[in-house]
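Fold and geometry: a report
Residues per chain, in single letters:
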Amino acid sequence: MIKLFDTIKSYFVPYMSFVFDFCLDQLTHYAQVYSTPHQKGSKRKMIESDISLSLEYKLHCLILDTMRNCFIHDKEEFIDTNKFDKIINPLIDQLDCIGVPTKYDQFVALSVQPAVLQLFELVKDDYKWKSLNYSLMMKTRSEITSVKLATLNIVLRMVEQLKERVAVLVNDILSFVAETLEDENIEVNDRNSLLIF
């Protein structure tokens, strides 16, 4: 599907309607499956499990890449208000996938972050921006430090990418950042200082 997007770009977007709900269901499934660290069992089960997880992980990344490409090439508002409301939680919940069979930071940087940032680029409505931003910023309240860091990294990139357009979200962002200033983790505090200054 990615090669089709690269080749025929915006002409392919309307055909996403055939797989859109499937993609959302899969993202919801992956958020549940990978929300806990990968457990190791017997050697044979581990090998079978690793192969299965590897294939499933590749599909997971392809779905996120497909969604990103849909956001990039959506010129005729395929992502309407209804679809936007449906996609926010499954997409943002990918930040909870700490049990992916690869490095979590790498997964977020290569798959989740580009899709989230592209959705921010696609949306032109302040209400939708605030809704997406609120869902993203709620991840800063996670008990898991890596999820907080990944969220703050996405917010930093969003501020860099959107520049003055992010002014609409500044109050909302700062209220969540103020909550994380009291975090015990030094890396979280470093990210916060980058956002504040």
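Note that the structure is a prediction, hence the values are computed from the model and not measured.

Here the focus is the environment of Asn 89. With respect to the helices, strands and loops of the structure, Asn 89 is situated in helix α4 (residues 81-92). With relative accessibility at 45%, the residue Asn 89 sits in the partly exposed group.

We now examine helix α6 (residues 126-138). Taking 1.5 Å per residue as the helical rise, α6 with its 13 residues ought to reach 18 Å, and the 18 Å between its terminal C-alpha atoms agrees with that figure. Those residues of α6 that fall on the buried side of the exposure criterion are Lys 128, Trp 129, Leu 132, Asn 133, Ser 135, Leu 136 and Met 137. Turning to α6, the residues buried within the fold contact α4, α5 (104-122), α7 (145-162) and α8 (170-180). Here α6 starts with a cap whose side-chain oxygen sits 2.7 Å from the backbone nitrogen of Tyr 127, and that cap is Asp 125.

Per the stated rule, a full pass over the model turns up seven salt bridges. The partner of Asp 96 in a salt bridge is Lys 139, and the shortest N-O contact between them spans 2.6 Å. Taken as a pair, Asp 96 in the loop between α4 and α5 and Lys 139 in the loop between α6 and α7 lie far apart in primary sequence, 43 residues in all. The class of Lys 139 is buried, set by a relative accessible area of 12%. Here Arg 157 and Glu 160 are joined by a salt bridge, their closest N and O atoms 3.7 Å apart. In this pair, Arg 157 and Glu 160 are both assigned in helix α7, three residues apart and thus about one turn of the helix distant. Bridged by salt links that share partners, the residues Asp 93, Asp 96 and Lys 139 form one connected network.

Our focus in this paragraph is the environment of His 73. By secondary structure assignment, the location of His 73 is in helix α3 (residues 43-73). For His 73, a relative accessible area of 11% corresponds to the buried category. Taking C-alpha positions, His 73 is 8.4 Å from Phe 12, a pair spaced 61 residues apart along the chain.

Within the largest apolar cluster, 58 residues are counted, with the highest numbers of intra-cluster contacts made by Met 67, Leu 95, Phe 107, Leu 119, Phe 120 and Met 158. Looking at this core, the elements that each hand over two or more residues are α2 (20-33), α3, α4, α5, α6, α7, α8 and α9 (186-196). Tallying contributions element by element places α5 first for this core, with ten residues. The contact partners of Met 67, leaving out residues within four places of it in the chain, are Met 16, Phe 20, Cys 23, Leu 24, Leu 27 and Ile 87.

What counts, and where the lines are drawn
- Residues numbered from 1 in each chain as written.
- Predicted model: local features only at pLDDT ≥ 70, side-chain atom pairs only at ≥ 80, totals over all residues.
- Heavy atoms only, no water.
- Helix = DSSP H or I, 4+ residues; strand = E, 2+ residues; numbered from the N terminus.
- Buried < 20%, exposed > 50% of the residue type's maximum accessible area, 1.4 Å probe, protein only.
- Expected span 1.5 Å × (residues − 1).
- Contact = heavy atoms within 4.5 Å.
- Polar contact = N/O pair within 3.5 Å; in protein donor to acceptor, adjacent residues only side chain to side chain.
- Salt bridge = Lys/Arg side-chain N within 4 Å of Asp/Glu carboxyl O.
- Core = buried A, V, L, I, M, F, W, Y, C linked by side-chain atoms within 4.5 Å.

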